[in-house]
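Chain residues, written in single-letter form:
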Amino acid sequence: MALKDSEWVPVDELTPEPVLVTGQQPSPNTATTTTSKAAQVSKYSAFNVSPKDPQYLDNPNVLFATDKDGNPMPAQKADGGIDFKVAKEKQDLDGYFKMVTWPVTTNRDGSACTVSPEVYDPKSAGLVGINDGMSAVEKDTNISAGWTINSAFYKYDVPRPDDPTITKIENDADSALDASGSVYTTKLDPVISGECTPSKDPARPNKVVLYGEDPNNPIAEGQGTNGDDLVKSSDTWGFRLGETACEVDTGSKQGGSWRIHDTNKLYPSPDPGNKYSGYRRYHAWVTESISGFGLTSFFSNIGTAYFVSGENVPDASKFSVTVPHTVNGSLPADSVVTFKGEVSPVYTAWSSGGLGMTDSRMAVSMKQNADSDWTPLVTTSANTFQRDAAVSTVSSVADSATGLMLGLTKTADSTWSWSLDIPADKFAGYNGSDETQTYTFQVEMINPMNLRSNPASIERKVDMTSTTLVLERYDVFQVAGKAYKYVDGDRKVPETKGTAVRITWPGSGNNSTDVIVGDQGSWQATPPEGVNQGEFTAQVLSDDAEGPDAQGRFQGGNQSAPVSHELEFRPSNSALPLTGGWPLSVLRILSLMALGLVGFVACLRNKQESRH
């Protein structure tokens, strides 16, 4: 018999079935000299020789292997030798051969022994020889019942079991290892699983043994695949975490699967065990038991688990929003709303690509408060936040979907300031209500497992709609008008109450008056005393830009286009005679003029009467 794939099989080219040798005689042990012993050995022993060999013609115990027609088997040499090369190559054997005999013992009178027939006559109990249809257990039983009288090796290379494969390390997404052989997981005690080749004998399964890396003696890449002696590098195997049987699995490419739990309790001091923001590398091998030698495979691929915790919530107190405003009634070209802040991601990447986690990502979005949907602005790509970048390093990252660019400056070991310019045309839909002019800006951090932090946000009114001024009165007694904004094309919306309008009066010295817009956008001002001619100018001021007033109302900073007009002298209805609107001195003059006119008329009448 011989080993094939670490399992005992009959040698088909020599003795595919047990060969019964009869005629064996017990030796009387009467020889007293070396010569007589040699003669007895020749007479009472069996030899693997040709029965036609003249030297053994009188010996009935010939073990020469022949087929049913008496022809020598392919591996049987004519001289009685065995051609192990032929046996190995034709049957693809491992090269380890074993010669086993099953003695049949009889009583002195030739009768069969009836006590312990398995020992004295294994054939009677069916314990002789092996065949391909037997299970490994049956083969072991039969081989154990015989006597191994010799063994031979021909180019015997001990076949190791097939290497197992690590395919998964438990995480929230239940995903397989990525192309680099890694996975991110929030679990400090993950289950490591994979594929393996099961044993051909279920009673003697192949065992998968899992090792976790010892950081002080890192796993050597490709360990053992080039035939290195694994024992010499045993200190790099890592910590033994457990073993399990390779179970048959029809869905596995290797035919079997395995799972072993890293309980995170088997790492000896000073190893701290699995920790967040750290990692652990794993590899495994298979130990077989069919051969009896406990052979191991080479190590599997290396699977790496990066232990990821939740992300920090961004600090909203560091957020700011700067809103551009109209100048002389128009928004400057290329105006942008600037959203700024700071970020300190938990996970940062090595720019060199060395072993370590990728960085966390930052997602910026906004929404108009009148709308329920968020508009994504920028999500940073991998390796944006690099731990080995120098402080003051300036960089940027573009979002391929929106085209927006996020500017970054590293301000500390793990802190970056950022700035995002959002084009003014992103802020549309104003219909005159504060809700459609108010936006919420939001930032979230995303850890390497794509799990998001709680969002941080800031709310701001984004008022970039120009104010239009209309003059309704422009005389020396009063200047008045309306302030409103155009929305939805030509619909007018009154300017916010409290907005300042500045009137610059004619004359030198830049004399001006500030008035406040009242209800329905109305405003009015009285020219200063002495101003009775010339051109005045009215304009909504560009004041403190964006910010709430004392009542918590947002004040815009849009500057209207200026409007001008000549002051007109126009009597007021309230200043007509007898209405109480004229000065007393004027009334006195008018009264004297009236009395004088009455006296003149009376004198004229008296003269006329005296003529008659």
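Residues numbered from 1 in each chain as written. Predicted model: local features only at pLDDT ≥ 70, side-chain atom pairs only at ≥ 80, totals over all residues. Heavy atoms only, no water.

Right, let's talk about the overall build of the chain for a bit. Regarding its fold elements, the chain presents five helices and 32 strands. Counting every position in the chain, which comprises 612 residues, the buried fraction comes to 39%. A fraction of 61% describes how many contacts in the chain between residues 6 or more apart in sequence connect residues 24 or more apart. Summing over all exposed atoms, the chain offers an accessible surface of approximately 33400 Å²; the carbon and sulfur share of this is 51%. (Helix = DSSP H or I, 4+ residues; strand = E, 2+ residues; numbered from the N terminus. Buried < 20%, exposed > 50% of the residue type's maximum accessible area, 1.4 Å probe, protein only. Contact = heavy atoms within 4.5 Å. Areas by Shrake-Rupley, 256 points an atom, 1.4 Å probe, with all protein chains shown as cover.)

Turning our eyes to something else, we now look at the sheet that holds strand β6 (residues 182-185). In a beta sheet, neighbouring strands pair by backbone hydrogen bonds and run either parallel or antiparallel. Read from one edge to the other, the open sheet built from five strands follows the order β6-β13-β12-β8-β9, with strand pairing classed as mixed. Whereas interior strands pair on both sides, the edge strands pair on one side only; in this sheet they are β6 and β9 (239-245). Taking each pair of neighbouring strands and ignoring which way they run, the sheet shows an average axis angle of 25 degrees. Relative to strand β13 (residues 303-307), β6 runs parallel, the two sharing four bridges. When the sheet's bridge partners are listed, V183 is paired in β13 with A305. (Pairing = 2+ DSSP bridges. Axes fitted to C-alpha atoms, helices over the stretch in contact; angles between N-to-C directions.)

This part takes up the state of the cysteines. Disulfides are covalent bonds that link the sulfur atoms of two cysteine residues. In the structure shown here, the tally under the stated rule is one disulfide. Across a sulfur-sulfur distance of 2.0 Å, C196 and C246 are joined as a disulfide pair. In this structure, the disulfide formed by C196 and C246 twists by about 100 degrees around the S-S bond and is classed as right-handed. Of the two residues, C196 is situated in strand β7 (residues 191-196) and C246 in the loop between β9 and β10 (247-248); the sequence distance between them amounts to 50 residues. C246 shares its class with C196; the two are buried. (Disulfide = S-S within 2.5 Å.)

A separate point is the pairing of β7. With respect to burial, β7 is a largely interior element, six of its six residues being buried. Of the two faces of β7, the one lined by V191, S193 and E195 and the one lined by I192, G194 and C196 are each fully buried. In the sheet, strand β5 (residues 165-169) pairs with β7 via four bridges, with the strands oriented antiparallel. Its bridge partner being in β7, I166 is matched across the sheet by G194.

So, about the sheet that holds strand β21 (residues 438-446). Read across the sheet, four strands follow the order β17-β16-β21-β22 without closing on themselves; strand pairing throughout is antiparallel. At either end of the open sheet lies a strand with only one pairing partner, and these are β17 (375-379) and β22 (456-461). Ignoring strand direction, the axes of neighbouring strands in this sheet form an average angle of 20 degrees.

Another point: the packing of aromatic side chains. What characterises a pair of aromatic rings is the spacing of the ring centres plus the angle enclosed by the ring planes. By the definition in use, this model includes 24 aromatic pairs. Measuring from centroid to centroid gives 5.9 Å for F239 and Y267, while their planes differ by 70 degrees, and the two rings are edge-to-face. Of this pair, F239 sits in strand β9 while Y267 sits in the loop between β11 (256-261) and β12 (279-287), placing them 28 residues apart in sequence. Of the two residues, F239 and Y267, neither departs from the other in class, the shared state being buried. An aromatic cluster of at least three residues, connected via ring pairs, comprises F319, F339, W418, F427, Y439 and F441. Positioned above the aromatic ring of Y267, the side-chain terminus of R280 is 3.7 Å from the ring centre. Above the face of the W374 ring, K367 is positioned so that its terminal group lies 5.7 Å from the ring centre. (Phe/Tyr/Trp six-rings, centres within 6.5 Å; stacked < 30°, edge-to-face > 60°. Lys NZ or Arg CZ within 6 Å of the ring centre and 35° of its normal.)

On to the confidence of the model for the chain, then. Residue-level pLDDT values for the chain average 85, and 83% of them are 70 or greater. Within the model, pLDDT remains below 50 along residues 578-587, and this stretch shows 10 contacts once partners closer than five positions in the same chain are excluded. Here residues 607-612 is a poorly scored stretch, pLDDT under 50, and it has zero contacts once near neighbours within four places are set aside; other chains count. (pLDDT = per-residue confidence, 0-100.)

Take helix α2 (residues 84-91) next. Within α2 the residues assigned to the buried category are F84, A87, K88 and Q91. Looking down the long axis of α2, one finds its buried residues gathered within 95 degrees of arc, a one-sided arrangement. Across α2 from its buried face, at more than 90 degrees, point the exposed residues E89 and K90. As for α2, its buried residues are in contact with β1 (2-4), β2 (7-9), β3 (96-101) and β4 (147-153). Among the residues of α2, the N-terminal cap falls to D83, whose side-chain oxygen and the backbone nitrogen of K85 are separated by 3.2 Å. In the stretch just after α2, D92 is the one whose phi turns positive, near 55 degrees. (Arc of directions from axis to C-beta. Polar contact = N/O pair within 3.5 Å; in protein donor to acceptor, adjacent residues only side chain to side chain.)

Once that is clear, we can look at the environment of L567. Within the secondary structure, L567 sits in the loop between β32 (563-566) and α5 (584-611). Overall, the relative accessible area of 8% leaves L567 in the buried class. Considered as a pair, L567 and V476 are 91 residues apart in the sequence and their alpha carbons are 5.9 Å apart.

Counted under the stated rule, the structure contains 18 salt bridges. The salt bridge partner of R491 is D488, with a shortest N-O separation of 3.3 Å. Its relative accessible area of 37% is what places R491 among the partly exposed residues. The class of D488 is exposed, set by a relative accessible area of 56%. (Salt bridge = Lys/Arg side-chain N within 4 Å of Asp/Glu carboxyl O.)

All right, on to the side chain of Q437 then. Structurally, Q437 can be placed in the loop between β20 (415-423) and β21. A polar atom in the side chain of Q437 sits 2.9 Å from the side chain of D463. Not counting the four nearest positions on each side in its chain, Q437 is found in contact with Y430, R460, K461, V462, D463, T465 and K485.

Attention now goes to the pairing of β11. The two faces of β11 differ: G256, W258 and I260 on one face are buried, but S257, R259 and H261 on the other face are not. In this sheet, β11 lies alongside β7 in antiparallel orientation, the contact comprising six bridges. Across the sheet, residue G194 finds its bridge partner in β11, namely W258. One ladder, built from two bridges, connects β10 with β11; its direction is antiparallel. Each bridged residue has a counterpart across the sheet, and for V248 the counterpart in β11 is G256.

Within the largest apolar cluster, 30 residues are counted, with the highest numbers of intra-cluster contacts made by F339, M362, W418, F427 and F441. Of all elements in the fold, only β15 (336-343), β16 (361-368), β17, β19 (405-412), β20, β21 and β22 reach the threshold of two or more residues within this core. Ignoring anything within four residues of it in the chain, the contact list for F339 reads F319, S320, V321, V364, W418, S419, L420, I422, F441, Q442, V443 and I458. Within the second largest apolar cluster, 19 residues are counted, among which are I169, I192, C246 and F307. (Core = buried A, V, L, I, M, F, W, Y, C linked by side-chain atoms within 4.5 Å.)

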